[in-house]
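# Analysis of the macromolecular model
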Amino acid sequence: MHDDPVAQDAAEAAAAFAHPVVAPDATAPYGPHPDQVVDFYTPRGGGAGAPLVVALHGGAWRERYDRAHLTPFVDFLARRGFAVANVEYRRGGLLPKQGGDGPVAGRWPDTFDDVAAALDALPALARTHLPTADLRRTVLTGHSAGGHLALWAAARHVLPPGSPWHAPAPVPLRGVVALAPIADFTTALALDVCDGAVLQLLGGEGKVEERGPFSDPSALLPTGIATTLVQGRDDIVVPRAVAEAYADAAARAGEPVGFTLLEGVGHFPLIDPAADACAVVAEEIAQLAY
């Protein structure tokens, strides 16, 4: 454990973001907007039958963080034999809202529209751009805000039939591996995770009660889909209390989830190919995929 949590977080972030961006093997749109695209990475040195990992990047649903920062992690998975789809989606604007002091987190409903559309389009896109992937062995993963979106996407069949995002059946997944996810909105709001990001995503104080039940993973349980949470004990960006609240909610719903708590680890080593924590993440994915 680092003596100074803020310094530890800064060092870990710098290390994770120091890797060069890795270009994909192919890119395909799932909609007309420039952000409605998926990058595909073929398994390095592998033949047919590679599991498919669908990855959703984090960044507090804010525009300045796109899928590029996740490409070293995505390439790490491809080098370990996975076929990978790195999904982009629309995020909050660069300019603050009137009276605000920073970029807005997320767009309602666009962020959710995109993730739902991408997951629906992925089987056909993957058959074209990742022909060696075994789509029967698909694992959904995401980091931070992307962890939230991964948990949410896996729960769309729990949404009421009147919801535009409702899926008539569970997404065909082997499981979800959520990395330091913003998984419980009540806890995240209480802790002001990522400088009010959840409140901004939902559209402000007046929208929490209306929109939370359709977007908070903790409110969409049980899913019937195998789920593992991976969390650094030293995370000060999305503190472990957020993931713990989701695990507690799942247990109350009769659906215990896996919970891997890594000692001496903060927020960013989970997606840093040079960190031991990243190898743990790959192993958790493999355990669900195989």
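Residues numbered from 1 in each chain as written. Predicted model: local features only at pLDDT ≥ 70, side-chain atom pairs only at ≥ 80, totals over all residues. Heavy atoms only, no water.

A count of helical and extended segments in the protein gives nine helices and eight strands. For 290 residues, the compact-globule estimate of 2.2 N^0.38 gives 19 Å, and the C-alpha radius of gyration of the protein, at 17 Å, lies within 12% of that figure. Looking at the protein as a whole, 57% of its 290 residues are labelled buried. Taking contacts inside the protein between residues at least 6 apart in sequence as the whole, the part at least 24 apart equals 76%. When the accessible surface of the protein is split by element, carbon and sulfur atoms take 55% of a total near 11,500 Å². (Helix = DSSP H or I, 4+ residues; strand = E, 2+ residues; numbered from the N terminus. Rg over C-alpha atoms; globule rule 2.2 N^0.38 Å. Buried < 20%, exposed > 50% of the residue type's maximum accessible area, 1.4 Å probe, protein only. Contact = heavy atoms within 4.5 Å. Areas by Shrake-Rupley, 256 points an atom, 1.4 Å probe, with all protein chains shown as cover.)

Below, the discussion takes up the environment of Tyr 65. Inspection of the secondary structure assignment puts Tyr 65 in the loop between strand 3 (50-56) and helix 2 (71-79). With near-sequence residues (within four places) excluded, Tyr 65 lies in contact with His 57, Gly 58, Gly 59 and Arg 91.

The next point concerns unusual backbone geometry. Negative phi characterises most residues that are not glycine, and trans characterises most peptide bonds. The linkage connecting Trp 108 with the following residue, Pro 109, adopts the cis geometry, with an omega of 5°. Here Pro 109 lies in the loop between strand 4 (83-87) and helix 3 (110-129). Residues Leu 221 and Pro 222 are joined by a peptide bond in cis, for which omega reads -5°. Position of Pro 222 among the secondary structure elements: in the loop between helix 7 (208-215) and strand 7 (227-232). Positive phi is not limited to glycine here, since Ala 60 has a value of about 60°. If you trace the backbone, Ala 60 turns up in the loop between strand 3 and helix 2. Residue Ala 60 is classed as buried on the basis of its relative accessible area of 6%. With a phi close to 45°, Ala 180 is a non-glycine residue in the positive phi region. Topologically, Ala 180 is positioned in the loop between strand 6 (175-179) and helix 5 (185-191). On the basis of relative accessibility, which here comes to 0%, the residue Ala 180 falls in the buried class.

Okay, the pairing of strand 8 (residues 258-262) next. Here strand 7 pairs with strand 8 via five bridges, running parallel. The residue of strand 8 that forms the bridge with Gln 231 is Leu 261. Note on the crossover from strand 7 through helix 8 (residues 240-252) to strand 8: the handedness is right-handed. (Pairing = 2+ DSSP bridges. Right-handed = clockwise from strand over helix to strand, strands pointing away.)

The next thing to look at is the environment of Glu 209. The topology assignment puts Glu 209 in helix 7. With a relative accessible area of 74%, Glu 209 lands in the exposed category. Separated by 63 residues in the primary sequence, Glu 209 and Gly 146 have C-alpha atoms spaced 22 Å apart.

All right, on to the environment of Asp 195 then. One can find Asp 195 in the loop between helix 5 and helix 6 (197-202). With 135 residues separating them in the primary sequence, Asp 195 and Ala 60 have C-alpha atoms 9.1 Å apart. Excluding its chain neighbours within four sequence positions, the residues that come into contact with Asp 195 are Arg 62 and Gln 200.

With that settled, the discussion passes to helix 8. Over its 13 residues, helix 8 runs 18 Å from end to end, which matches the ideal 18 Å to within 8%, given 1.5 Å per residue. Looking at helix 8, one finds that the buried residues are Val 242, Ala 243, Ala 245, Tyr 246, Ala 247, Ala 249 and Ala 250. Summarising the contacts, the buried residues of helix 8 are in contact with helix 4 (145-153), helix 5, strand 7 and strand 8. Positioned one or two residues after helix 8, Gly 254 has a phi angle of 80°, which is positive. (Expected span 1.5 Å × (residues − 1).)

What follows is about the packing of aromatic side chains. Counted according to the given criterion, the structure contains eight aromatic pairs. Aromatic side chains Trp 61 and Phe 185 sit 6.5 Å apart centroid to centroid with 85° between the ring planes, which places their arrangement in the edge-to-face category. Placement of the pair is Trp 61 in the loop between strand 3 and helix 2 and Phe 185 in helix 5, with a sequence separation of 124 residues. Taking relative accessible area as the criterion, Trp 61 reaches 0% and is therefore assigned buried. Residue Phe 185 is classed as buried on the basis of its relative accessible area, which comes to 3%. Members of the aromatic cluster, each reached through a chain of ring pairs, are Trp 108, Phe 112, Trp 152 and Trp 165. (Phe/Tyr/Trp six-rings, centres within 6.5 Å; stacked < 30°, edge-to-face > 60°.)

Packing of helix 2 against helix 9 (residues 276-289) leaves a shortest axis separation of 11 Å and a crossing angle of 55°. Taken together, the axis directions place helix 2 and helix 9 in an arrangement best described as oblique. Seen from above, helix 2 lies across helix 9 with right-handed handedness. Residues Phe 73, Phe 76 and Leu 77 of helix 2 form the contact with helix 9, whose participating residues are Cys 278, Ala 279, Val 281, Ala 282 and Ile 285. (Axes fitted to C-alpha atoms, helices over the stretch in contact; angles between N-to-C directions. Parallel < 35°, antiparallel > 145°, perpendicular 65-115°, else oblique. Left-handed = near helix turned anticlockwise from the far one by under 90°.)

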